[in-house]
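Observations on the model geometry
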Amino acid sequence: MWMPLRESDTVELKREVVPDICKEVIALANTKGGTIYIGIADDGDIIGVHDADAVMLQVNNMVRDAVKPDVTMFVSYDVEDMDGRQVIRIGVQRGTNRPYYLGSKGLKPSGVYVRHGTSTDPATDSAIRQMIKESDGDSYEAMRSLEQELTFTCAEKEFARHGMELGHAQMKTLGMLTQENIFTNAAYLLSDQCTVSIKLATFAGSGRLEFQDRRECSGSLFTQLEKAYAYIDMHNKNRSSFQGLYRIDTRDYPEEALREALLNCCVHRDYAFSASTLVSIFEDRMEFVSVGGLVDGIELEDVLLGLSVCRNPKLAAIFYRLDLIEAYGTGLRKIMQAYDKAERKPQFQVTGNAFKIILPNTSSSAMAGETVCENSAGISMLYSAMDKPETTVMNMLAARGTIVRSEVEQQLGISQASAIRLLKYMSENGLIKRVGSGKSTRYIK
């Protein structure tokens with residue numbers, strides 16, 4: 001006498017093949033495995049199937065086409081005779097490449113299922129992340145991305161600028177795609193959909209009491225780096241001094257140090273944390289804070305000597321190919337070298353969860369007061385060193401009605417490249433309007 005079957009956390013009964021049977025396969029493969037019987041009602045009554053071979057082929061095709069990554073190696077099919085009727089027995093083992101999900105839904109709760117008692121339920125975001133970590137290891141950039149609808153407009157332009165393609169084959173080589181053609185977090189960080197960010201803020205004086213301005217850069221890491229550096233560069237003023245008849249121009253911060261500090265935050269931060277990279281601009285210094293301290297077993301002294309154990313080797317390799325970094329372990333030494341002749345030196349602070357780079361303003365003594373510059377008419381004038389460059393440009397427009405780039409250079413004491421970036425930024429954000437082109441380009445409110 002056949003003992004009636006009952007549903008449990010490892011047994012699922014189906015009268016017939018239903019469209020959501022793939023959810024049951026996914027749930028069992030994601031949890032601890034189990035068995036699905038087709039031809040048995042929920043109460044255990046044996047119904048049977050008419051054409052066992054056709055049913056097995058139908059289910060096999062459904063699972064193969066709908067479930068990602070490939071789970072077929074963990075699914076087996078048998079025909080059992082129960083009370084004179086044919087019943088399909090589908091054995092599902094716990095998979096090794098979890099989480100399994102509906103390809104049409106992606107790696108999100110609507111596509112990932114787990115088994116809870118006799119029910120099949122959508123997995124939570126935390127459960128999905130835990131399964132990915134268990135299957136892919138602790139390396140964030142190598143894990144499968146929760147977001148699979150990714151585009152790479154900015155990344156493709158950056159690769160093309162260096163004469164390289166970013167196609168399917170290249171993405172696999174760079175670790176952006178798995179062998180199953182699933183995007184990794186390395187791809188997510190370079191995608192247009194990336195939501196991690198760099199937050200920048202400017203403060204009056206040397207403390208955080210008087211806030212002046214804030215920006216947040218998101219999207220592809222390439223976009224973030226470009227926008228963040230443009231903002232930093234706008235606040236890196238030119239200072240002039242004279243040696244006899246000769247004028248000597250210097251900037252508040254060595255450009256090489258700013259570049260390396262920003263890249264260090266981008267390449268070495270721990271992206272498993274959702275907190276943003278922070279850049280704070282003060283009167284006397286600039287601070288860069290990235291999430292995630294040093295890799296376990298490495299001390300700050302080791303890094304300053306040139307030892308590098310990279311937290312994100314795939315990301316670092318991509319940046320190396322694009323000439324954004326020259327070699328591993330040289331960033332902090334380059335920062336120190338940039339301040340070789342400066343009185344005040346950079347500082348580095350490390351905690352268990354953060355890394356801070358502090359770059360001193362080489363002109364901080366002058367910034368406490370006022371600086372002499374010349375306007376476009378050659379008349380000496382005074383301006384506060386902490387005036388926002390955008391405010392200065394707006395004041396120029398209010399007084400003159402129209403300006404050109406060279407006037408902005410002279411008024412702010414900045415380079416041509418910095419003036420171009422500033423005016424482009426203000427135009428894109430609707431603060432000013434660009435009129436004309438080429439040598440006749442002017443700007444109005």
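Here's a quick rundown of the structure. These numbers were taken from a predicted model, which means no experiment stands behind them. (Residues numbered from 1 in each chain as written. Predicted model: local features only at pLDDT ≥ 70, side-chain atom pairs only at ≥ 80, totals over all residues. Heavy atoms only, no water.)

Remarks on the overall build of the chain
For clarity, the cut-off: A helix here means a DSSP run of H or I that spans at least four residues, while a strand means a run of E at least two residues long, and both kinds are numbered starting from the N terminus. The quantity called the radius of gyration is restricted to C-alpha atoms. Its globule counterpart is 2.2 Å times the number of residues to the power 0.38. Each residue is assigned to one of three classes by its accessible area relative to the maximum for its type, calculated with a 1.4 Å probe on protein chains only: buried under 20%, partly exposed between the two thresholds, exposed over 50%. We call two residues in contact whenever any of their non-hydrogen atoms come within 4.5 Å of each other. For every accessible area listed, the method is Shrake-Rupley and the probe measures 1.4 Å; residues are considered covered only by the protein chains on display. The convention is simple: Lys and Arg are positive, Asp and Glu are negative, and His and the chain ends are not counted. Every charge is mapped to an atom, namely NZ of Lys, CZ of Arg, CG of Asp or CD of Glu.
Secondary structure assignment for the chain yields 15 helices and 20 strands. The C-alpha radius of gyration computed for the chain amounts to 30 Å, which surpasses the reference 22 Å derived for 445 residues by more than 25%, pointing to a less compact arrangement than a globule. Dimensions of the chain, computed from C-alpha atoms along their principal axes, come out at roughly 110 × 50 × 45 Å. Per-residue burial for the chain yields a buried fraction of 48% across its 445 residues. Once local pairs closer than 6 in sequence are excluded, the contacts in the chain between residues at least 24 apart make up 61%. Approximately 22,000 Å² of the chain is accessible, and the part contributed by carbon and sulfur atoms is 50%. Side-chain charges in the chain split into 51 positive and 59 negative, and the spacing between the mean points of these groups amounts to 7 Å.

Overview of the environment of leucine 412
The topology assignment puts leucine 412 in helix α14 (residues 405-412). A residue is classified by how much of its surface remains accessible, and leucine 412, at 1% relative accessible area, is buried. As a C-alpha pair, leucine 412 and valine 393 span 19 residues in sequence and 8.7 Å in three-dimensional space.

Looking at the packing of aromatic side chains
Formally: Think of it this way: a Phe, Tyr or Trp ring, Trp meaning its six-membered ring, pairs with another when their centres are within 6.5 Å, and the plane angle makes it stacked under 30 degrees, edge-to-face over 60, tilted otherwise. Charge over a ring is defined by NZ of Lys or CZ of Arg lying within 6 Å of the ring centre and within 35 degrees of the ring normal.
Applying the stated criterion to the full structure yields six aromatic pairs. Ring centres 6.4 Å apart and planes at 65° place the aromatic pair phenylalanine 74 and tyrosine 100 in the edge-to-face group. Here phenylalanine 74 is found in the loop between β3 (67-68) and β4 (75-82), whereas its partner tyrosine 100 is found in the loop between β5 (85-92) and β6 (101-102), with 26 residues between them in sequence. Overall, tyrosine 100 belongs to the buried group, its relative accessible area being 0%. Feature note: the residues Phe203, Phe211 and Phe282 constitute an aromatic cluster, connected by ring pairs. Here the basic side chain of arginine 285 rests over the ring of phenylalanine 282, its NZ or CZ set 3.8 Å away from the ring centre.

A look at helix α13 (residues 389-400)
Condition: In this scheme, a helix's expected span is set at 1.5 Å multiplied by one less than its residue total. The arc in question is traced by the directions running from the helix axis to the C-beta atoms.
Its twelve residues give α13 an end-to-end C-alpha distance of 17 Å, which sits within 8% of 16 Å, the value for a rise of 1.5 Å per residue. Those residues of α13 lying buried are Pro389, Glu390, Thr392, Val393, Met396 and Leu397. Projected onto a plane normal to the axis of α13, the buried residues spread over an arc of 165° and lie on a single side. Looking at α13, the residues exposed on the side facing more than 90 degrees away from the buried face are Ala398 and Ala399. Taken together, the buried residues of α13 touch β10 (211-217), α7 (221-234), α14, α15 (416-428) and β20 (442-444).

Quick notes on the sheet that holds strand β14 (residues 285-291)
Sheet strands associate in pairs through backbone hydrogen bonding, adopting either a parallel or an antiparallel arrangement. What counts is decided by this rule: Whether two strands pair depends on DSSP finding at least two bridges between them. For helices, the fitted line uses only the C-alpha atoms of the stretch in contact; every axis is such a line through C-alpha atoms, and the angle between N-to-C directions lies from 0 to 180 degrees.
Spatially, the six strands line up as an open sheet ordered β10-β9-β13-β14-β16-β15, and their pairing is mixed. A strand with exactly one partner marks an edge of an open sheet, and here the two such strands are β10 and β15 (347-350). Between one strand and the next, the sheet's axes are offset by a mean angle of 15°, whatever the strand orientation. Examined bridge by bridge, β14 and strand β16 (residues 354-360) share seven bridges and lie antiparallel to one another. Bridging from a neighbouring strand, serine 290 pairs with phenylalanine 355 of β16. Seen against the sheet, helix α8 (residues 255-268) touches β9 (198-203), β13 (277-281), β14 and β16 and runs at an angle of roughly 20° to β14.

Brief notes about the layout of surface pockets
Basically, it comes down to this: Buriedness of a pocket was judged along seven lines, with at least five required to meet protein on both sides within 12 Å; pockets are open sets of points on a 1 Å grid over the protein atoms alone, cavities are sets where a 1.4 Å probe fits but cannot get out, and lining residues have an atom within 4 Å of a point. Grid points are joined across faces, edges and corners, and a volume is the space filled by probe spheres set on the points.
Considering only enclosed or pocket space, the largest pocket measures out at about 980 Å³ in volume. Forming the boundary of the largest pocket are 30 residues, of which Thr223, Leu225, Glu226, Lys227 and Ala230 lie nearest the centre. Listed by contribution, the elements that provide at least two residues to the lining of the largest pocket are α4 (153-161), β10, α7, α8 and α15. What the second largest pocket holds in volume is close to 730 Å³. Considering the residues around the second largest pocket, the lining is formed by 26 residues, among which Arg129, Tyr140, Asn185, Tyr271 and Ala272 are closest to the centre. Sorting the residues of the lining of the second largest pocket by element identifies α3 (125-136) and α6 (185-190) as the ones contributing at least two each. The leading source of residues in the lining of the second largest pocket is α3, at five residues.

Here we look at the nonpolar core
Where we set the bar: Residues belong to a common nonpolar core when they are buried Ala, Val, Leu, Ile, Met, Phe, Trp, Tyr or Cys residues joined through side-chain atoms within 4.5 Å.
Counting residues in each nonpolar core, the largest one holds 76 residues, and the members touching the most others are Phe222, Phe288, Phe319, Leu359 and Val408. Not counting residues up to four positions away in its chain, the partners in contact with leucine 359 are Tyr253, Ala257, Leu258, Ala261, Arg285, Met286, Phe288, Ile335, Tyr339 and Pro346. Val25, Leu28, Ile90 and Tyr113 belong to the second largest nonpolar core, which has 26 residues in total.

What to know about the pairing of β16
Judged by how many residues are buried, β16 sits mostly within the fold: five of seven residues are covered. Looking at chain direction, β15 and β16 are connected through four bridges and run antiparallel. Along β16, the bridge assignment pairs glutamine 347 with isoleucine 358. Between the end of β15 and the start of β16, which pair antiparallel, lie three residues.

Describing the packing of α8 against helix α10 (residues 313-321)
As a reminder, the rule being used: These descriptions rest on fixed angle ranges, namely under 35 degrees for roughly parallel, over 145 for roughly antiparallel, 65 to 115 for roughly perpendicular, and the rest for oblique.
Direction vectors running N to C along α8 and α10 enclose 140°, while the axes themselves pass 9 Å from each other. Judged on the interaxial angle alone, α10 and α8 are oblique. Of the residues in α10, those in contact with Leu263, Cys266 and Val267 of α8 are Leu315, Ala316 and Phe319.

Quick notes on the pattern of salt bridges
The cut-off we apply is this: Counted as salt bridges are all cases of a side-chain nitrogen of Lys or Arg within 4 Å of a carboxyl oxygen of Asp or Glu.
Following the criterion strictly, the structure yields 23 salt bridges and no others. Across the salt bridge formed by arginine 251 and aspartate 233, the nearest N and O atoms sit 3.0 Å from each other. Taken together, the residues arginine 251 in strand β12 (residues 246-251) and aspartate 233 in helix α7 connect sequence positions 18 residues apart. Each member of the pair, arginine 251 as well as aspartate 233, carries the same accessibility label: buried. Beyond isolated ion pairs, a larger network of salt bridges with shared partners links Arg208, Asp284, Arg285, Glu287 and Lys356.

Notes on the environment of threonine 184
Relative to the assigned elements, threonine 184 resides in the loop between α5 (168-173) and α6. For the pair threonine 184 and glutamate 141, spaced 43 residues apart in the sequence, the C-alpha separation amounts to 6.5 Å. Residue contacts for threonine 184: discarding those within four places in its chain leaves Glu141, Ala142, Met143, Arg144, Ser145, Gly175, Met176, Leu177 and Thr178.

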